[in-house]
Amino acid sequence: MTEQLSQFLSSLKEKAEKGQLLYIGQNITRVDGLEKVMGKPIYTADLLDRNTVYAKLIRSKVPHGTIKDIDVSLAKSVPRLLDVITWRDIPGINESASILPDRELFCSSVVRSTGDILGAVVAETYGAAVDGVDAIKVSYDPLPAVFDPIEALKPDSVKVHPGGNIAKQMKIRKGDVDRGFAASKVMIENTYRTQFQDATPMETEMGLAFPRDDGSVVVIGSMQSPHNTQAALAKILDLPLKRVRVVQASTGGAFGPKSDETPYDVCGAAAVAALKLRRPVFCSLDREESMIVHTKRHPFVIRHRTGATAEGQLTAAEVEMVSDAGAYASLGVYVLGRATFHSVGAYEIPNVKVDSYLVYTNNTYAGSLRGFGGPQAAFAMESQMEELARRLGMDPLEFRMRNMLAPGRRTATGHLMDAGCGLPQCVEAVVKSSSYWHKRELYRNQTGPVRRGLGMAFLIHGNSLGPEGNDYAVVQIEIGRDGKVSLGTGLTEYGTGAVSGIIQVAASVLGVPVGDFVLERPDTIKHGESGPTVASRTVVIGGNAAKLAAAKLRKRLDLVAADLLKVDKRDVLIVDGVAYDRHNSASNVPWSRLVEEAYRRGVKMAEEGYFMAPPSPWDAETGQGTPYLQYTWGALICEVQVDVETGRYDVTDVHAAYDVGRAVNPAGVMGQIYGGTVQGLGYATMEELVHKDGEVVNPSLGDYYIPTSMDIPKNFKAYIVEVPGTLGPFGAKVIAEPPIVLPAPAVRNAVLDATGVSVNDLPVTSEKVLMGLKRKPPE
Amino acid sequence: MNEAEQSFYVDSSDRLIDVLRDRLGLKSVKEGCGTGDCGLCAVLLNGRLVNSCLVLAAQCRGASVTTLEGLLNDPLTRKLQSKFLEHNAAQCGFCTPAMLVAAKDILTHTPRPSTGQIQAGLSGVLCRCTGYYPIIQAIKEVSEEEKERS
Amino acid sequence: MVTPSFDLYVPTDLRDALKFLESNGGHTAILARGTDLLPRIRRRLAWAPTLLDISGLDGDLRYIKRDDGIVRLGALTTVADLLETDLLGMRLEMIRKAGELFGDPQIRNVATVGGNVCSASSSEDLIPVFLALDAKVKLISSRGERVLPLEGFIMGKRETARKNFEILCEVFFEAPRGNCWSGFEKLGRRNILIVSLVSEALLLTLEDDLETIRGVKVALNRVAGKVPARAAKAEAFLSGKKLTPEVIREAQDVLASELALKGDFRASGEYRAELAKVFLKRLLLGCASRIRGG
């Protein structure tokens, strides 16, 4: 046997022993990478032709009022203007909402925020459409408005909706907090406030609608869920589902708002206009419009009362959370849920009482944004842990470790943690990486105008949809006659690379390299409804569906290969697109031959995998149960350097570890960790969408700051921990959202450590640090 | 225009980005904000990195303009593209063309940039997905490999 | 396209541009590279039926010259040009610093000296720098030319003394010599900024004893109102005094009261005043240290 052959066979043996893990844990280049680095025209705005006309949305100019009149006369005289569409042009139901039916597509009588949409102007050119919008004169009878959710809770407050301002409330009742506080030596109470964050995907929202001669419509757009968009449009257009075809174009970032109502708004406006005018219509939001109209992260006001024994054991937590939904509930109903379940963080507390409220105001509205209530809850709880540690005179790390969840301990909902809880390993990784104890000593007695500080936070992140509804996905795999494997799903790719991840799963089960796969564009005409691509669920839920589809195909191929190789089907190995006799690797059949033979025999070469997660039961009265079937865990330690004369600080070092169960594509996982952390640092230090009397003051990237390449920590070490979970393929857990959660509390705590200043409202600006320093004597 | 001479009439208020995308079909140039704050429309104008949403097309008479499409045969750009793929530096891909043009600009003016110089060179192009680290790493590696070759 | 749309006049040369302005100045705005004007037009904060595109007049208007101790900057000199020239000399550190912190690379490549100055806005960092240099501006027209001190040229928020038939063609100032040094500080919520909370430029001249202040020129992006200006009271206070911690502390208080800064959604007036005070101290000490040979 030659050296080469022997090497080849031994690498083959290695791969074979990995079995189904063939391509798992490998940094395989994502399937949609090439077209991106080549600058190909794959996004919605790149797909227009000369026949396309332009629609621009007409927005409300007042935060609360009744519409007296929409005067389109001036607009109609704008050259190249084609039409103005309003609620009267909607063929079906005038609705663009999510869970609660509280929102119209085009306002018919009442406007509730300056993000509300009254209709659209359609014109031959983009410029004419913009000029047309300017020329529309809407007169309102203004109504009194409310902009503070605490105010909105008062019984005599202005009512944003007739049913009152509480859109949703939730609670947790575990144990007896009065007894718990009685048993505590130390008890502290603080109120924490978080701000509106804008998702700021680099591509804003847009939709392109084509009317078909048979009265149906095809819509291409930037979105997270073609099937949800299809359902919304079918209602708006009064068409059966099969007459509304929605295709997701390559989407330039999403982060949440593109899974809420805005795609329905722009695609709805485009489709209504397209069917009326019988022309293709492109409706897009520029950056300012996008920042005003689409959903933001909910601001929360969180009052936290927490008690601990003298030894540092948490005894009780009482939490009240009030979130500002803005004018409509959107996905806020579920954001409230996640915030509530994560309200006391990654710690075991025997007595917990939580009351949480989703409250309407006349601000522009909030909805999904990466983290989905988790960041707000973590900011409050992790800040509270820091304050408690300081009051107890304990090291913050020790205090956290004493109380943190681990196998055998229970969450706030009473869920017993098993071996799948990788929090201790995450903590160990970051403590080591950051040289925490050494740094503690080093920074013990600082003087001078520059101070350094250490801060940390621990993460619990319930996986996938949890209690939000049925958690399922469909993946279709078809092996073509040419041997190429086509994978299609209603789950969408918009940056995370997760869909490439599920291809890796399918490739591993089939035994065929990822390079032989073709990813289909999500299209309602072909792909099964897979729920929205949210909650970081693609790999966990979609991966399982892919595994099932691939396994069915593999079974059939094993039989064909067994025949061809004259072995038992259990002795068939398919590795890198070649079927081998397990005991005699010289006996093999290439993929092309295998596929050809399968076709010859009439084997069904297309398969669908459907996976639905088991239900996660919990009790709405007590909040007890298992709202999530598994959790992603994490820990982050950061260092800041503060200039105490100006309050300006830099986050110089970040050490983060996440238990992702199984990293299907480690580079992909790291990509989410880097990106999510930087987005979380933005939330921590600089991002703030400001409303004044209901108007967004800074809807521009020149006034709303997101981190640039100059704002990232100089030293960022990230670690992947793998403690397999029970839900995802090969034990995978979600990763796309979690990294955005920990930076804000960790930075806040590091600033506290460096300066003695407790900043209890986000973002932690240099002004708040300096003003805090001025109010107290320096340590 | 990308090494080929072209002439045509433009409207006074046409921006360079409008001509590039709509007239010339060069869709790699993206509009992310229209106010010069995101850099996704960045192109090379007479060899300098500029935001094409803030330049009027008429101001480009006699100038040379380069977009990513014009760099597809450039060996340095090809190396950058390859490294971007290797390091997962393109997630949603929307900032990728501008990042590649900016990277080309950095390496043209500073063949062996420090990490800080790379960060400064990219500071006018926003990315929301990657956190910038893989992009910086890809550029650094290309510059180091170029250095070894020469 | 930019909306609302406008007409564009592209002059063949400078004389042609001036001739155009003679008849059309009343409804014409001057366009250099548009980093300030074009976004404002899009946001409906500014507009004119006609724009005069002077960006092609590099031959006449884009230069950096230094002769007889006077530094002359053509109006189309870009921020990048300022960073790349050798002609400024060590003491003009404040120009370099302001340039380095100015926007981002794309903006630096096109933002012009003339555009900065004519915007008369507190978001344009070169203005405090030129004010601290006692810079003068040269305006030309078909009728001739005139020179105005920059301080007088800026009359209010986005209001200058330029007549509508004139073009600002040059900013010039005496190159600082002797026992002097300059510096610039700026801070906002992020490292890359267009609009800072406070931008401060300072030129310090010491007597030969290197302890007594011969003169301080300090300008900020906002002083008692909304425009860049010199902090005359703080300057007057410091003049002739010894540079001691006590003097600096008192000067900080004079500065703070003189600035009367207002707050907005970005920051409070109180915080801005604190920043201005800290910058004053750091710039004075930093410049002094360089003058003394540090």
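Residues numbered from 1 in each chain as written. Chains lettered and ligands numbered in written order. Predicted model: local features only at pLDDT ≥ 70, side-chain atom pairs only at ≥ 80, totals over all residues. Heavy atoms only, no water.

1. Some points on the overall build of chain B
Rules: Note on conventions: DSSP H or I runs of at least 4 residues are helices, E runs of at least 2 residues are strands, and numbering of each starts at the N terminus. Just to be clear, the radius of gyration here is over C-alpha atoms, and the globule rule we use is 2.2 Å times residues to the power 0.38.
Within chain B, the secondary structure is distributed over 5 helices and 3 strands. Overall, chain B shows an N-to-C arrangement of helices and strands of α-β-β-β-α-α-α-α. Taken over the C-alpha trace, chain B has a radius of gyration of 15 Å; the compact-globule value for 150 residues is 15 Å, and the two agree within 12%. Taking the principal axes of the C-alpha coordinates as reference, chain B spans close to 45 × 30 × 20 Å.

2. So, the overall build of chain C
Cut-off, in case you're wondering: Here a residue-residue contact requires only that any non-hydrogen atoms of the pair lie within 4.5 Å. Computed with the Shrake-Rupley method and a 1.4 Å probe, the accessible areas treat only the protein chains shown as cover for residues. Only four residue types enter the charge count, namely Lys and Arg as positive and Asp and Glu as negative; His and the chain termini do not. For this purpose, a charge sits on NZ of Lys, CZ of Arg, CG of Asp or CD of Glu.
When helices and strands are counted, chain C shows 12 helices and 14 strands. For chain C, whose C-alpha radius of gyration is 19 Å, the value lies close to the compact-globule estimate of 19 Å for 294 residues. By principal-axis analysis of the C-alpha atoms, chain C measures approximately 60 × 45 × 30 Å. Counting only contacts in chain C whose residues sit at least 6 apart along the sequence, the fraction spanning at least 24 positions is 61%. In the structure as shown, chain C presents an accessible area of about 11300 Å², 48% of it carried by carbon and sulfur atoms. Across chain C, 44 positive and 39 negative side-chain charges occur, with their mean positions spaced 4 Å apart.

3. Considering the interface of chain A and chain B
Just so we agree on the cut-off: Once two parts are brought into contact, the accessible area they lose, counted with a 1.4 Å probe and summed over both, makes up the buried area. One speaks of a salt bridge when a side-chain nitrogen belonging to Lys or Arg is within 4 Å of a carboxyl oxygen belonging to Asp or Glu. Polar contacts here mean pairs of N or O atoms no more than 3.5 Å apart (in protein, one a potential hydrogen donor and the other a potential acceptor; neighbouring residues in sequence count only if both atoms are side-chain atoms). When residue character is reported, Ala, Val, Leu, Ile, Met, Phe, Trp, Tyr, Cys and Pro are called nonpolar, Asp, Glu, Lys and Arg charged, and the others, Gly included, polar.
Opposite the 49 residues of chain A that make contact, chain B presents 37 residues. When chain A packs against chain B, close to 3500 Å² is buried across both sides, 61% of that on carbon and sulfur atoms. When residues of chain A are sorted by the area they lose upon contact with chain B, Val37(A), Met202(A) and Ser709(A) head the list and together hold 20% of the total. Arg128(B) is the partner of Glu687(A) in a salt bridge, and the nearest nitrogen-oxygen pair spans 2.8 Å. At the junction of chain A with chain B, the criterion picks out 22 residue pairs in polar contact (both at pLDDT 80 or more). With 8 residues, the single largest contributor to the side of chain A that touches chain B is helix α18 (residues 666–685) of chain A. Within the side of chain A that touches chain B, the residues separate by chemical class into 21 nonpolar, 20 polar and 8 charged.

4. Focus: helix α19 (residues 743–755) of chain A
All names here are of chain A. Convention followed: For a helix, the expected span equals 1.5 Å multiplied by the residue count minus one. Only protein chains enter the accessibility calculation, which uses a 1.4 Å probe; a residue is then buried when its area is under 20% of its type maximum, exposed when over 50%, and partly exposed in between.
Taking 1.5 Å of rise per residue, 13 residues should cover 18 Å, and α19 covers 18 Å from first to last C-alpha, within 8% of that figure. Taking burial as the measure, the 13 residues of α19 include 12 buried ones, the bulk of the element. Taken together, the buried positions of α19 are occupied by Pro-743, Ala-744, Pro-745, Ala-746, Val-747, Arg-748, Asn-749, Ala-750, Val-751, Leu-752, Ala-754 and Thr-755.

5. Some points on the domain arrangement of chain B
Residue and element names in this part refer to chain B. Rules: What counts as a domain boundary in this text is fixed by an automatic or database domain assignment.
For chain B, the assigned domains are domain 1 (16–70) and domain 2 (71–149). Distance from the C-alpha centre of domain 1 to the C-alpha centre of domain 2: 19 Å. Each partner contributes to the interface: domain 1 provides 17 residues, whereas domain 2 provides 18 residues. For the domain 1 and domain 2 pair, buried surface summed over both sides reaches about 1400 Å², with 71% attributable to carbon and sulfur atoms. Our count for the domain 1 to domain 2 interface comes out at 0 salt bridges. Linking domain 1 with domain 2 are 5 residue pairs in polar contact (both at pLDDT 80 or more), by the criterion used here. Along the lines of polarity and charge, the residues of the side of domain 1 that touches domain 2 split into 7 nonpolar, 6 polar and 4 charged.

6. Notes on the sheet that holds strand β11 (residues 244–248) of chain A
Residue and element names in this part refer to chain A. The following threshold applies: Pairing between strands requires that DSSP locate at least two bridges from one strand to the other. Axes here refer to lines fitted to C-alpha atoms; in helices the fit is confined to the stretch in contact. Angles between the N-to-C directions go from 0 to 180 degrees.
Strands sit in the order β3-β5-β1-β12-β9-β10-β11 across an open sheet of 7 strands; the sheet is mixed. Each having just a single partner strand, β3 (81–85) and β11 make up the two edges of the open sheet. If you compare each strand with its neighbour and ignore which way they point, the axes differ by 20° on average. As paired elements, strand β9 (residues 206–211) and strand β10 (residues 217–221) share 5 bridges and run antiparallel to each other. Bridge pairing links Pro-211 to Val-217 in β10. Across the sheet, helix α7 (residues 226–237) lies against β10 and β11, angled at about 150° from β11, the strand it touches most.

7. Examining empty space enclosed by the protein
Keep this limit in mind: We place a 1 Å grid over just the protein atoms. Points where a 1.4 Å probe fits but has no way out form a cavity, open points with protein on both sides within 12 Å along at least 5 of 7 lines form a pocket, and any residue with an atom within 4 Å of a point lines it. Grid points are joined across faces, edges and corners, and a volume is the space filled by probe spheres set on the points.
Inspection of the entire model under this criterion finds 8 cavities of 30 Å³ or more. Along the walls of the largest cavity sit 15 residues, with Ile28(A), Thr29(A), Arg30(A), Asn665(A) and Asn88(B) positioned nearest its centre. For the lining of the largest cavity, the element with the highest residue contribution is helix α2 (residues 75–86) of chain B, accounting for 3 residues. Across the lining of the largest cavity, the residue classes tally to 5 nonpolar, 8 polar and 2 charged.

8. A short note on the nonpolar core
We apply this condition: Throughout, nonpolar core names a set of buried Ala, Val, Leu, Ile, Met, Phe, Trp, Tyr and Cys residues whose side chains join them through atoms within 4.5 Å.
Residues Phe458(A) and Trp633(A) are the most contacted members of the largest nonpolar core, which totals 167 residues. No other element matches helix α11 (residues 374–392) of chain A, which puts 9 residues into this core. When sequence neighbours within four positions are dropped, the list of residues in contact with Phe458(A) reads Ala346(A), Tyr347(A), Glu382(A), Leu397(A), Arg400(A), Met401(A), Met404(A), Leu423(A), Val427(A), Gly634(A), Ala635(A) and Leu742(A). By size, the runner-up hydrophobic cluster in this structure holds 70 residues, among which are Val50(B), Leu31(C), Leu82(C) and Leu88(C).

9. Here's the deal with the packing of aromatic side chains
Residues and elements named next belong to chain A. Put simply, the rule is: Stacked, tilted and edge-to-face pairs are distinguished by plane angle, under 30 degrees for stacked and over 60 for edge-to-face with tilted covering the rest, among Phe, Tyr and Trp rings (Trp via its six-membered ring) whose centres lie within 6.5 Å.
Here the structure, examined in full by the defined rule, presents 17 aromatic pairs over all chains. Arranged with centres 6.1 Å apart and planes meeting at 90°, the rings of Tyr-54 and Tyr-126 form a pair that is edge-to-face. Of this pair, Tyr-54 sits in strand β1 (residues 53–59) while Tyr-126 sits in helix α4 (residues 126–135), and the two are 72 residues apart along the sequence. Summarising the aromatic geometry, the rings of Phe-341 and Trp-618 are spaced 5.0 Å apart at their centres and angled 85° between planes, so their arrangement reads as edge-to-face.

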